[in-house]
Amino acid sequence: MNLSIFDWSIVVLVLTGMFFSVRSSRGLLKSVTDFLVAGRSAGRYVMSISSGVAGLGAITIVNYMEMNYIAGFSMSWWGMTSALVILLITVSGWVIYRFRQTRCLTLAQFFEQRYSRKFRIFTGIVAFSAGLINFGIFPAVGARFFIYFCGIPQTLPLLGFDVNSYALLMIILLSISLYFVFMGGQIAVIIADFFQGVFVNFVFVIMIIFLFLYVDWGQVHSALADTPKKEAQKEILRVESSDEFIHLPEIEQEEKIADINNRHENSSRINPFKTNHIEDFNFWYFLIGIIGVMYGTMSWQGTQAYNASARSAHEAKMGSVLAGWRGLPQTLFFLCVPVLAYTVMNHADYFHISESVNTTLSTLKSDAIQSQLRVPLVLSHILPNGLMGAFAAVMLAAFVSTHDTYLHSWGSILIQDVIMPFRKKPFSPETHLKVLRISIIFVAIFIFLFSLLFQQNQKIALFFAITGAIFAGGSGAVIIGGLYWKRGTTAAAWASMSTGAIIAVNGIIMHQISAEWLATDGGWIWLKDIILVLKSINGQVYWGIGMGASTLMYVVISLLGKQKDFELDKLLQRGKYLNKDETHVINKNPEKGWKILGMGKEFTKFDKFIYILNYVWTFGWTIVFIIGTIYNLSNEVSDSTWMNFWWIYLMIHIVMAVLSMVWFTIGGFIDLKKMMHRLRHTERDHTDDGFVAR
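What this report covers is the structure whose coordinates are included nearby.

About the criteria used
Residues numbered from 1 in each chain as written. Predicted model: local features only at pLDDT ≥ 70, side-chain atom pairs only at ≥ 80, totals over all residues. Heavy atoms only, no water. Helix = DSSP H or I, 4+ residues; strand = E, 2+ residues; numbered from the N terminus. Rg over C-alpha atoms; globule rule 2.2 N^0.38 Å. Contact = heavy atoms within 4.5 Å. Areas by Shrake-Rupley, 256 points an atom, 1.4 Å probe, with all protein chains shown as cover. Core = buried A, V, L, I, M, F, W, Y, C linked by side-chain atoms within 4.5 Å. Buried < 20%, exposed > 50% of the residue type's maximum accessible area, 1.4 Å probe, protein only. Patch = residues over 30% accessible without salt bridge, like charges linked within 9 Å, V, L, I, M, F, W, Y side chains within 5 Å. Salt bridge = Lys/Arg side-chain N within 4 Å of Asp/Glu carboxyl O. Expected span 1.5 Å × (residues − 1). Phe/Tyr/Trp six-rings, centres within 6.5 Å; stacked < 30°, edge-to-face > 60°. Axes fitted to C-alpha atoms, helices over the stretch in contact; angles between N-to-C directions. Parallel < 35°, antiparallel > 145°, perpendicular 65-115°, else oblique. Left-handed = near helix turned anticlockwise from the far one by under 90°. Lys, Arg positive; Asp, Glu negative; His and termini not counted. Charge placed at Lys NZ, Arg CZ, Asp CG, Glu CD.

1. Brief notes about the overall build of the protein
Counting secondary structure elements, the protein contains 30 helices and two strands. What you see for the protein is a C-alpha radius of gyration of 26 Å, in line with the 26 Å of a compact globule of 694 residues. Taking as baseline every contact in the protein between residues at least 6 positions apart, the subset at least 24 positions apart corresponds to 85%. Just so you have it, the protein exposes about 29,800 Å², and 65% of that area is on carbon and sulfur atoms.

This is the structure:
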């Protein structure tokens, strides 16, 4: 095994701490609302930290390491294009604030109140089905990481039998996650995720600092700068040895070689203005992602309980605003670690490591799995004792935090939005909690079997995009239209959701069609040509197509429908329907300037400081992006200049990551104490269970 006794002791210590944190939730669970949304009692820092690590997950870490290994630093530059959009979304409380005002326990409950019960059931089925398929590969990717990173044998002796370690590991990890959910529902999930989030960010910062000391910046520059030329030379040698190339006229040979050189010259991992040909993760990937950030706010339901767990709409909005600062250590880790691992794999000074990693990867048949495990295998060769154990513990915490959250989410959606709406009356509280737990067990069994049987053939990010689009492709228009447009109709909602789901399912089917069948010379040539075109579209582009088509359907059908306005004030509990218990007014008449900046009557002085800090940080980097883009479009910028920029960029972010880590840890523990006090002393309303009476 790759881990020493000291490393394993760190893993055991962290796991013990996780169990201890969950046991602290005992006695706090007193109602269905507690199980589903922690009694709507979480403050901004707890929400930010817990939801952040819940959405992180072992699979997400592997996913980002895979993406940034391919794209290098260039990805971060174009990622700045979404910063301003994210700022506008968070400071305005876009979708999040209004949804929390509804006091709905699930998104589909909001759909029933805004549209119809049948639509709630339909969206519940679509969300649950898509989410379950998406969730299906989580245990596989996580277990596979632990096997290769920790050096666990493929089989382990157990009670005199040789047991498949892959399946055994999934069972153990899923059992831990199930225990956490069963102990206290969303209360236990939030508490466990909070402690895990604090630990994960601490280790991320330590690992980044260590890796910068291990790999010289000059080696990073050399490895990244030489890549386009090396990749071009490899492809030219391969092409020149083919019979097809040999029989081409000399002019066509020169054109083919020139095309290869040009293509690889525009695959830079340093200069973001030479990334036109980076496979999959290119300009269009980011453009669709920017649109999707606004369109898809709160669409994905994997962490749906967090959407309703804040103690007020204002706290939900503040938690969203703080997410950018909370996520700095994670963002840095996802950028730095893959790039430094790439350096190790491609610089001559680390040939012995890259050779060992490539030898291990050659034993894996699937290209997708090789891509996922490349960076973890590099880390297993370069991290010292202590950090090996700490990173394994991070991945364990990330695995459990995502799995307990997703088990809770999909299990809850099945009961709340698929089964319960068929009933004429609500469950009793005891029965309700029982069926919720049974549903969660079903989800765990399904994803275990799915991970054992499913053969993954796409990069994780693209698999996420296409499975997520089954629901998110159409739901964005339905959510935004339902919360912000009183003219939106039920018919438009049906058409929008159906359109998004059909486009996404079509994308999945196209990618599963056999390449061997498409290559045959038999009949159906015209159909094969169409399929080949559709098959060439990746998951991200299918998402973009789904968003556009669904929005168009929602707007057009709403305008053509009956001219009847929906009473949004009642749904959002504002105006004469205001919920005074959840609205803490600081200033009844805030100054116009503050209101323009998104700061209303609920804002304290420190809330305003947080907003101003966000504006300064985001607009600062936006100005850098605009000036840099204009200059690069009119001037040739060397790789050395870009590497100097990336060095300054990383140093600034490292300093800010350390400061934010301290800030959020202190604020989080204060929030956690307040949350537990509320849960111990607040009276429960047992009719508040998500059932909508008709």
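2. As for the side chain of Q330
You can see Q330 is positioned in helix 17 (residues 328-346). Not counting the four nearest positions on each side in its chain, Q330 is found in contact with G52, L56, N201 and F204.

3. A short note on the nonpolar core
Core analysis: the biggest nonpolar cluster contains 200 residues, and I61, F73, F149, F333, L379 and F391 have the highest contact counts within it. Sort the elements by how many residues they give to this core and helix 11 (residues 165-214) lands first, with 25 residues. Each residue touching L379, except ones within four places of it in the same chain, is listed here: M65, F149, M207, L211, V337, M388 and F391. I503, M510, I531 and I537 belong to the second largest nonpolar core, which has seven residues in total.

4. What to know about a nonpolar patch on the surface
Nonpolar side chains collect at one region of the surface, where I441, I445, L449, L452 and L453 lie side by side and expose about 450 Å² of accessible area between them. Note that L452 resides in helix 21 (residues 429-453).

5. Digging into helix 4 (residues 57-71)
End to end, helix 4 covers 21 Å across 15 residues, agreeing with the expected 21 Å (1.5 Å per residue, within 8%). When you tally the buried positions in helix 4, you get 14 out of 15 residues, the bulk of the element. Of the residues one or two after helix 4, G72 is the one with positive phi, at around 70°.

6. Examining the packing of aromatic side chains
Summed over all chains, the structure comprises 61 aromatic pairs. Considering the side-chain rings of F19 and Y179, the 5.3 Å spacing of their centres and the 45° angle between planes classify their relative orientation as tilted. Of this pair, F19 sits in helix 1 (residues 5-23) while Y179 sits in helix 11, and the two are 160 residues apart along the sequence. Here Y179 falls in the partly exposed class, since its relative accessible area comes to 28%.

7. Examining the packing of helix 10 (residues 138-150) against helix 19 (residues 367-382)
Contact pair helix 10 / helix 19: the axes reach a minimum separation of 9 Å and the direction vectors enclose 40°. Judged by the inter-axis angle, helix 10 sits oblique to helix 19. Judged by the twist between their axes, the crossing of helix 10 over helix 19 is right-handed. Along the contact surface, helix 10 presents V141, R144, F145, Y148 and F149, while helix 19 presents I369, Q372, L373, P376, L377, L379 and S380.

8. Points about the environment of I152
Here I152 shows up in the loop between helix 10 and strand 1 (155-158). Sequence separation between I152 and Y166 is 14 residues, and the spatial gap between their C-alpha atoms is 9.2 Å.

9. A few points about the pattern of salt bridges
This model, assessed by the stated rule, comprises 11 salt bridges. Note that E112 is salt-bridged to R117, the shortest N-O span being 2.8 Å. We note a salt bridge from D565 to K486, for which the minimum N-O separation is 3.8 Å. You can see D565 sitting in the loop between helix 26 (539-560) and helix 27 (568-571) and its partner K486 sitting in the loop between helix 22 (460-484) and helix 23 (490-512), a full 79 residues away along the chain. Looking at D565, the relative accessible area reads 44%, which means it is partly exposed. Assessed through its relative accessible area of 43%, K486 is described here as partly exposed.

10. Details of a negative patch on the surface
On the surface, E250, E252, E254 and E255 cluster together to form a negatively charged patch. Considering the arrangement of structural elements, one finds E255 in helix 14 (residues 250-265).

11. Considering unusual backbone geometry
Within the chain, R40 stands out as a residue other than glycine whose phi angle is a positive 50°. Checked against the element boundaries, R40 lands in the loop between helix 2 (32-37) and helix 3 (44-54). Owing to a relative accessible area of 7%, R40 belongs among the buried residues under this scheme. Unusually for a residue other than glycine, R103 sits at a positive phi of about 60°. Using a relative accessible area of 23% as the deciding quantity, one classes R103 as partly exposed.

12. Here we look at the environment of G548
Within the fold, G548 resides in helix 26. You can call G548 partly exposed: its relative accessible area is 44%. The spacing of G548 and A477 is 71 residues in sequence and 9.3 Å in space, taken between C-alpha atoms.

13. Quick look at the environment of K256
One can find K256 in helix 14. Using a relative accessible area of 35% as the deciding quantity, one classes K256 as partly exposed. Considering only alpha carbons, one finds K256 and E240, 16 residues apart in sequence, at a separation of 9.9 Å. In this view, K256 contacts V239, F245 and L248; residues no more than four positions away in its chain are not counted.

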